[in-house]
Amino acid sequence: MTRKSSILPIVLSSIFVISICSFVFSQNAVAQDSASPSVEPASIPEPATDIFPSYLQSLEQYRQNEQQFKIAKQQYLQLGTLAALEEVTQRSKQAQLTRNTILDYYFQLLMHAFSRTDGIELGEKNLELDRITFILSFLKTQKASLTIAETYQELDTLNTVLGGNQENIETVAYETLILKKMGQLQTSIDHLKSVSSKVYEGVEKTPENDRAYAEITRTIEQAELELNQTLAAYLEETNATASKSDTYQDYMDRLNAPYIKIKKTLNYIKELRS
Amino acid sequence: MKNQLKNTRIDQTSFQDEMSIMRQSQGEKVERENTVQFVNKSNLPRTALLMLLIVGLISAAVVFFTKGNTTEPVLPIPSATPQVINQQESDIEKQMKLLETIVEEADPSNNNLPLPPISYDLSISKTE
């Protein structure tokens with residue numbers, strides 16, 4: 001009885017000491033973890049995996065439907081019979097529905113990728129997302145009308161409605177792609193700044209390394225300046241006379257200059273690190 | 001026998017003496033040990049509690065001085081161990097790979113979402 005009562009406090013105090021020690025060690029481990037540089041998960045916008053296969057499938061289906069429509073239309077123009085008219089009407093409906101589905105998938109993918117792209121001014125981003133939403137809403141209405149359309153007059157009218165919105169559809173798509181690319185370039189610059197400073201912290205502080213880091217910083221600044229100039233020019237441009245496709249290509253050419261500097265800086269960082 | 005027992009000084013807390021009493025009561029002759037250690041029963045829990053209190057105070061002091069200002073993050077020790085250095089290298093390596101991917105994605109000639117190749121003219125009555 002006496003031995004038991006003398007062992008119990010020792011056991012209790014041992015448990016107490018062990019628990020305190022483990023607590024102290026765990027706190028130190030947490031502190032070290034929080035102090036170590038964290039690596040953010042990759043935030044590269046990619047097409048939504050669940051929609052993308054459906055989009056590709058729709059594209060394939062559309063090619064077939066469009067080809068069948070063209071053949072049916074050719075036959076109708078040659079024969080001019082009611083049967084040929086009925087055939088081409090059905091083929092037109094199928095092709096238009098598939099075309100609508102493709103556009104719907106495309107703008108959903110674009111919206112998904114754009115919303116996940118950093119480096120874009122929030123107001124501009126929301127404005128562009130609203131434009132995409134408007135297009136998606138239009139396509140939804142168009143799909144509902146196509147589903148109930150039966151006659152060739154109705155289908156022709158709906159075809160004309162979409163044709164009338166072609167410019168708006170393409171403008172929104174190209175605008176989004178331009179802004180998305182600018183956002184990606186800005187994100188690259190932000191990451192270059194962060195990584196280059198971390199690499200510089202880890203290298204020996206020699207005059208040569210100091211000059212290398214100064215050159216890296218200078219090149220990043222130049223790239224950012226060029227990017228901002230292109231963005232400002234884009235936002236100021238309201239009435240583009242050229243087609244949207246040409247405008248898109250023009251901006252991609254302009255963005256090539258800051259991109260070359262970004263690539264150059266990446267190589268500089270690799271060199272500094274080695 | 002009874003007188004012998006009466007004259008014997010017995011420590012009630014000693015297990016050995018309790019056994020001796022039993023054996024003596026059964027008629028055995030038991031030689032008494034001269035060195036009998038007396039332990040005060042009432043002091044035992046106090047000693048244990050005192051020990052526990054001291055250990056607790058030392059542990060609390062260790063925790064207090066180890067944690068220091070709890071609001072400030074603990075910075076890594078400059079003379080970091082090789083594991084910590086390797087961890088930092090590994091993190092920079094990951095960041096470099098992520099940076100390379102981001103830069104590749106930002107290439108203006110790289111467009112992973114081109115406009116779909118569709119015709120806007122699917123009119124039936126309109127002749128070319």
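Heads up: the structure comes first, above all this text.
Quick caveat, the model's predicted, so the values are computed rather than measured.

## Observations regarding the overall build of chain A
Okay, so step 1: Per the secondary structure count, chain A includes eight helices and zero strands.
Okay, so step 2: Along chain A, helices (α) and strands (β) appear in the sequence α-α-α-α-α-α-α-α when read from the amino end.
Okay, so step 3: The proportion of buried residues among the 274 residues of chain A is 39%.
Okay, so step 4: Taking the intrachain contacts of chain A between residues at least 6 apart in sequence as the baseline, contacts between residues at least 24 apart amount to 79%.

## A closer look at the overall build of chain B
Okay, so step 1: For chain B, the helix and strand inventory stands at four helices and zero strands.
Okay, so step 2: Its helices and strands taken in sequence order, chain B reads α-α-α-α from the N to the C terminus.
Okay, so step 3: Surface accessibility of chain B: about 9800 Å² in total, with carbon and sulfur atoms responsible for 56%.

## Considerations on the pattern of salt bridges
Side chains bearing opposite charge may pair, as long as their charged atoms lie close to each other.
Residues and elements named next belong to chain A.
Okay, so step 1: Overall, the coordinates contain twelve salt bridges over all chains when judged by the stated rule.
Okay, so step 2: As a salt-bridge pair, Arg91 and Glu87 come within 2.9 Å of each other at their nearest N and O atoms. Residue Arg91 and its partner Glu87 are located together in helix H3 (residues 82-115), separated by four residues, close to a single helical turn.
Okay, so step 3: We classify Arg91 as partly exposed; its relative accessible area is 24%.
Okay, so step 4: Of the charged contacts, one joins Lys193 and Glu224 as a salt bridge, the two residues approaching to 2.9 Å between their closest N and O atoms. Of this pair, Lys193 sits in helix H6 (residues 166-202) while Glu224 sits in helix H7 (residues 207-236), placing them 31 residues apart in sequence.

## Regarding the side chain of A:Gln96
Okay, so step 1: Its place among the elements puts A:Gln96 in helix H3.
Okay, so step 2: With relative accessibility at 1%, the residue A:Gln96 sits in the buried group.
Okay, so step 3: One polar contact links the side chain of A:Gln96 to the main-chain amide nitrogen of A:Asn159, over a distance of 3.5 Å.
Okay, so step 4: Aside from chain neighbours lying at most four places away, what touches A:Gln96 is A:Leu146, A:Leu155, A:Leu158, A:Asn159 and B:Leu122.

## Side note on the nonpolar core
Okay, so step 1: Core analysis: the biggest nonpolar cluster contains 68 residues, and A:Leu103, A:Tyr106, A:Phe107, A:Ile169 and A:Ile269 have the highest contact counts within it.
Okay, so step 2: Elements with a contribution of two residues or more to this core: helix H2 (52-79), H3, helix H4 (122-148), helix H5 (152-164), H6, H7 and helix H8 (244-273) of chain A together with helix H4 (82-105) of chain B.
Okay, so step 3: Examining the composition of this core, we find that 14 residues originate from one element, H6(A), more than from any other.
Okay, so step 4: When residues of this core are assigned to domains, at least three fall in each of domain 1 (2-164) and domain 2 (180-273) of chain A.
Okay, so step 5: When sequence neighbours within four positions are dropped, the list of residues in contact with A:Ile169 reads A:Leu103, A:Phe107, A:Ile135, A:Phe138, A:Leu162 and B:Tyr120.

## Brief notes about H6(A)
Okay, so step 1: With 37 residues, H6(A) ought to run about 54 Å at 1.5 Å a step, and its terminal C-alpha atoms sit 54 Å apart, in line with that.
Okay, so step 2: Extensive coverage of H6(A) is indicated by the burial of 26 of its 37 residues.

## Topic: the packing of aromatic side chains
Residue and element names in this part refer to chain A.
Okay, so step 1: Under the criterion given, the structure shown has six aromatic pairs over all chains.
Okay, so step 2: Judged by centre distance (6.3 Å) and plane angle (40°), the ring pair of Tyr55 and Tyr106 falls under tilted. One end of the pair, Tyr55, is in helix H2; the other, Tyr106, is in helix H3, and 51 residues separate them in sequence. Side by side, Tyr55 and Tyr106 carry an identical accessibility label, which is buried.
Okay, so step 3: Plain terms: the ring middles of Tyr200 and Tyr213 are 4.1 Å apart, the flat faces sit at 5° to each other, and that makes the pair stacked. One end of the pair, Tyr200, is in helix H6; the other, Tyr213, is in helix H7, and 13 residues separate them in sequence.

Cut-offs applied
Each chain has its residues counted from 1, running along the sequence as written. As a convention, the first chain written is A and the first ligand written is 1, with the rest following in written order. Local features in this predicted model are restricted to residues of pLDDT 70 or higher, and side-chain atom pairs are both shown and tallied only at a pLDDT of 80 or more, whereas totals for entire chains, interfaces and linings draw on every residue. The side-chain figures draw on all heavy atoms in the structure; neither hydrogens nor water molecules are used. Working definition: helices are DSSP H or I runs of at least four residues, strands are E runs of at least two. Numbering for both runs from the N terminus. For the exposure calls, accessible area comes from a 1.4 Å probe over protein chains only, and a residue counts as buried if that area is under 20% of its type's maximum, exposed if over 50%, partly exposed in between. In this analysis, two residues are considered to be in contact whenever any of their non-hydrogen atoms come within 4.5 Å of each other. Every accessible area reported is derived by Shrake-Rupley at a probe size of 1.4 Å, with residue values counting cover from the shown protein chains alone. When a carboxyl oxygen of Asp or Glu is within 4 Å of a side-chain nitrogen of Lys or Arg, the pair counts as a salt bridge. Throughout this description, a polar contact denotes any pair of N or O atoms lying within 3.5 Å of each other; where both atoms belong to protein, one of them has to be capable of donating a hydrogen while the other can accept it, and for residues adjacent in sequence the pair is counted only when both atoms sit in side chains. Residue types Ala, Val, Leu, Ile, Met, Phe, Trp, Tyr and Cys, when buried and joined through side-chain atoms within 4.5 Å, form a set referred to as a nonpolar core. Domain ranges listed in this record stem from an automatic or a database domain assignment. To estimate the expected span of a helix, count its residues, drop one, and scale the result by 1.5 Å. Only centres within 6.5 Å qualify two rings of Phe, Tyr or Trp (six-membered ring in Trp) as a pair; their planes then separate them into stacked at under 30 degrees, edge-to-face at over 60, and tilted for everything else.

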